[in-house]
Every structure is written in C-alpha cells, then in structure tokens.
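# Structure assessment
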Amino acid sequence: MELVLLGPPGSGKGTQAKLLAERFLIPHISTGEIFRKNLGEGTELGLMARRYMDQGVLVPDDVTEAMVRQRLTESDAQNGFILDGFPRNLAQGEHFESMLTELGRSLTAVIYLVVGRKTLIDRLTGRRVCPQCGAVYHLILDPPKRPGVCDVCGSALEQRRDDTEETVIKRLEVYDQETAPLVAFYRRRGLVQEFDGEAPVEVVTRDIVQGLEGARD
Ligand code: AMP
C-alpha cells in the first residue's frame with residue numbers, strides 16, 4: 001500500500017491516515033507533523049519552516065521534497081506508506097513521481113477527501129491538540145472529558161498556531177490555488193478514489209478500506 005491522502009486542511013487526512021496506518025501496518029508520514037516536531041525541538045529546519053507555517057503558506061519545495069525522500073528510505077517505509085500533506089502542489093507532484101520511479105516504487109491510490117468550506121472552517125478553528133501524545137479534539141464536535149485536558153495522557157491541550165481564523169482562511173486559499181490542481185493530475189493517472197469526508201470518521205475509514213480492497217482485486 002503506497003498511498004497519498006489528498007484534501008483541504010480540515011478534511012480529516014490526519015485522522016484517517018492514523019487509522020489506515022494501524023490497519024495496514026504502514027507508517028503515517030505527515031509533512032506538517034514532521035515540521036511541527038522539528039519546531040518543538042527547536043531545530044534549524046523547524047525554525048525555518050515556522051516562518052511559512054505561521055503565514056499559512058507552503059514551505060519551499062526543495063526542503064519538503066528532500067525531507068520526504070529521506071523518510072521514504074527509512075526501514076519502516078519499505079512495505080508501504082501513507083502520505084498526509086504531500087505532495088502539496090504540482091511541482092511537488094511531478095518531483096514525487098520521479099522520486100518514486102528512482103526508488104522503484106509506485107502509488108497504489110490517491111485518496112481524495114471532499115468536505116465543504118463551512119465545515120472545514122468550523123473543524124479547524126475548533127480543533128485542539130495534545131502536544132504530548134498527538135490526540136486531536138474539537139471544542140464542540142469531540143470535546144475532551146475535562147475541558148482543556150487530554151483524555152489519553154492528561155496534558156494541557158493547545159490550539160495549533162496555524163488554526164486561528166485568519167491563517168485558516170489563508171491555508172484554504174493556498175489549497176485552492178496550489179493543491180487542488182493535484183486532483184486532476186492524479187485523475188489523469190487513474191489513481192484517484194474520492195470519498196465524502198463529511199461522513200462520520202468510522203464510515204469514511206470503512207469506505208476507504210472497501211475502495212482500496214476493490215482496487216487491489
Ligand atoms: P498540515 O499539518 O498538513 O496542515 O501542514 C501545516 C503546514 O506545514 C502547512 O500550512 C505548510 O506551511 C507546511 N507544509 C506541510 N506539508 C507541506 C508540503 N508538502 N509542502 C510545503 N509545506 C508544507
């Protein structure tokens with residue numbers, strides 16, 4: 001299973017990627033998560049990426065591409081992977097295609113999650129995350145048992161720096177202009193499987209698993 005998850009910010013890519021990774025025993029590779037981890041550790045990469053992430057724009061392609069290439073060569077990614085947040089524009093899509101050819105690999109499918117604009121804004125601005133264990137909540141749709149406290153590990157929840165309304169609007173604009181064209185790019189290659197990302201989490205996962213099993217037959 002060599003999968004790419006495509007869809008706007010807030011479409012549930014991270015949530016589905018985590019579940020699919022457990023199901024298919026493949027690593028969930030989120031470029032945004034790698035940048036945030038680097039930022040948390042204060043590395044040079046993290047500090048550089050922060051300038052872009054805080055504005056809601058993309059980190060330069062060469063940096064992101066090199067990071068993905070390195071990650072794909074690690075041992076746990078040899079039997080498959082699920083990419084969440086990469087590629088993010090046509091240049092990355094083209095580059096990724098050559099990278100996979102060089103590595104002797106090829107995509108199984110591109111999972112495209114469709115969600116309306118209002119739902120995306122509500123989901124992103126209400127999202128709260130646990131900086132310790134990565135659990136994700138929503139103030140209204142999926143609140144923790146104790147306000148502001150992670151159910152899993154008891155840490156204080158935080159809002160992602162780029163989940164403020166202003167940055168969310170910018171991120172959605174960047175998605176429309178730069179990322180959305182990848183849907184047609186991958187459709188031309190016959191790889192896109194489209195799903196209703198507004199359905200409940202477990203329904204979306206079930207539909208994706210069924211779709212992938214159909215594609216394998
Ligand atoms: P995400 O966690 O996927 O929402 O990504 C958060 C931020 O990380 C994005 O708004 C970008 O600034 C940066 N980022 C994540 N993936 C990429 C990528 N493939 N190319 C460039 N920037 C990225």
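Above this note sits the structure.
Below is a short write-up of the structure. Quick caveat: nothing in here was measured; it's all calculated off a predicted structure. (Residues numbered from 1 in each chain as written. Predicted model: local features only at pLDDT ≥ 70, side-chain atom pairs only at ≥ 80, totals over all residues. Heavy atoms only, no water.)

## Things to note about the nonpolar core
The tendency in soluble globular proteins is for nonpolar side chains to be buried side by side. Leu72, Phe81, Leu83, Phe96, Leu107, Val110 and Tyr186 are the most contacted members of the largest nonpolar core, which totals 21 residues. If you list the elements that add at least two residues to this core, you get β1 (2–6), α4 (61–72), β3 (81–84), α5 (90–102), β4 (109–114) and α8 (181–188). Examining the composition of this core, we find that 4 residues originate from one element, α8, more than from any other. If sequence neighbours within four positions are ignored, Leu83 has contacts with Leu3, Val4, Leu5, Ile29, Val68 and Phe96. Judged by nonpolar contacts, the second largest core, of 18 residues, contains Leu5, Leu20, Ala199 and Val204. (Core = buried A, V, L, I, M, F, W, Y, C linked by side-chain atoms within 4.5 Å. Buried < 20%, exposed > 50% of the residue type's maximum accessible area, 1.4 Å probe, protein only. Helix = DSSP H or I, 4+ residues; strand = E, 2+ residues; numbered from the N terminus. Contact = heavy atoms within 4.5 Å.)

## What to know about helix α3 (residues 44–53)
Of all the positions in α3, only Gly46, Met48, Ala49 and Met53 are classed as buried. The buried residues of α3 occupy an angular sector of 165° when the element is viewed end-on, so they sit on one face. Residues of α3 that are exposed and point over 90 degrees away from its buried face: Glu44 and Arg51. Those residues of α3 that are buried are in contact with α2 (31–40), α4 and α7 (165–179). (Arc of directions from axis to C-beta.)

## Observations concerning the site of the ligand
By nearness alone, 16 residues border the ligand, and Thr31, Arg36, Val57, Gly85 and Gln92 come closest of all. In the model, an oxygen atom of the ligand is placed 3.0 Å from a nitrogen or oxygen of the Arg88 side chain. Contact with the protein chains removes 96% of the 480 Å² of surface that the ligand exposes when unbound. The greatest single-element share of the shell around the ligand, amounting to 4 residues, is contributed by α2. (Near = heavy atom within 4 Å. Polar contact = N/O pair within 3.5 Å; in protein donor to acceptor, adjacent residues only side chain to side chain. Areas by Shrake-Rupley, 256 points an atom, 1.4 Å probe, with all protein chains shown as cover.)

## Describing the sheet that holds β1
Strand order in the open sheet formed by 5 strands is β2-β3-β1-β4-β7, with parallel pairing between adjacent strands. Sheet topology places β2 (28–30) and β7 (192–196) at the edges, where each strand pairs with a single neighbour. Within the sheet, the average angular offset between the axes of one strand and its neighbour, ignoring direction, is 25°. In the sheet, β4 pairs with β7 via 5 bridges, with the strands oriented parallel. Note on β7: the bridge partner recorded for Ile111 is Gln193. Contacting β1, β4 and β7, α8 runs over the sheet at an angle of about 130° to β7. (Pairing = 2+ DSSP bridges. Axes fitted to C-alpha atoms, helices over the stretch in contact; angles between N-to-C directions.)

## Observations regarding the pairing of β1
Extensive coverage of β1 is indicated by the burial of 5 of its 5 residues. Side-chain alternation along β1 places Glu2, Val4 and Leu6 on one buried face and Leu3 and Leu5 on a second face that is also buried. Where β1 lies against β3, 4 bridges are found, and the strand directions are parallel. Paired with Leu3 across the two strands is Ile82, which belongs to β3. Bridge analysis of β1 against β4 gives 4 bridges, and the strand direction is parallel. Bridging across to β4, Leu6 finds its partner in Tyr112.

## Quick word on the packing of helix α6 (residues 117–125) against α7
Here α6 crosses α7 at 135°, and the two axes come no closer than 10 Å. Taken together, α6 and α7 sit at an angle that is classed as oblique. Helix-helix and strand crossings are classified by hand; for α6 and α7 the assignment is right-handed. Between α6 and α7, the contacting residues are Arg117, Leu120, Ile121, Leu124 and Thr125 on the first element and Glu165, Val168, Arg171, Leu172 and Asp176 on the second. A class-by-class count of the residues in the contact of α6 with α7 yields 5 nonpolar, 1 polar and 4 charged. (Parallel < 35°, antiparallel > 145°, perpendicular 65-115°, else oblique. Left-handed = near helix turned anticlockwise from the far one by under 90°. Nonpolar A, V, L, I, M, F, W, Y, C, P; charged D, E, K, R; others polar.)

## Focus on the pairing of β3
Alternating positions in β3 separate into two faces, Phe81 and Leu83 on one and Ile82 and Asp84 on the other, with burial throughout. Sheet topology note: the β2/β3 ladder contains 3 bridges and is parallel. Each residue of the ladder has a partner; that of Ser30, found in β3, is Asp84.

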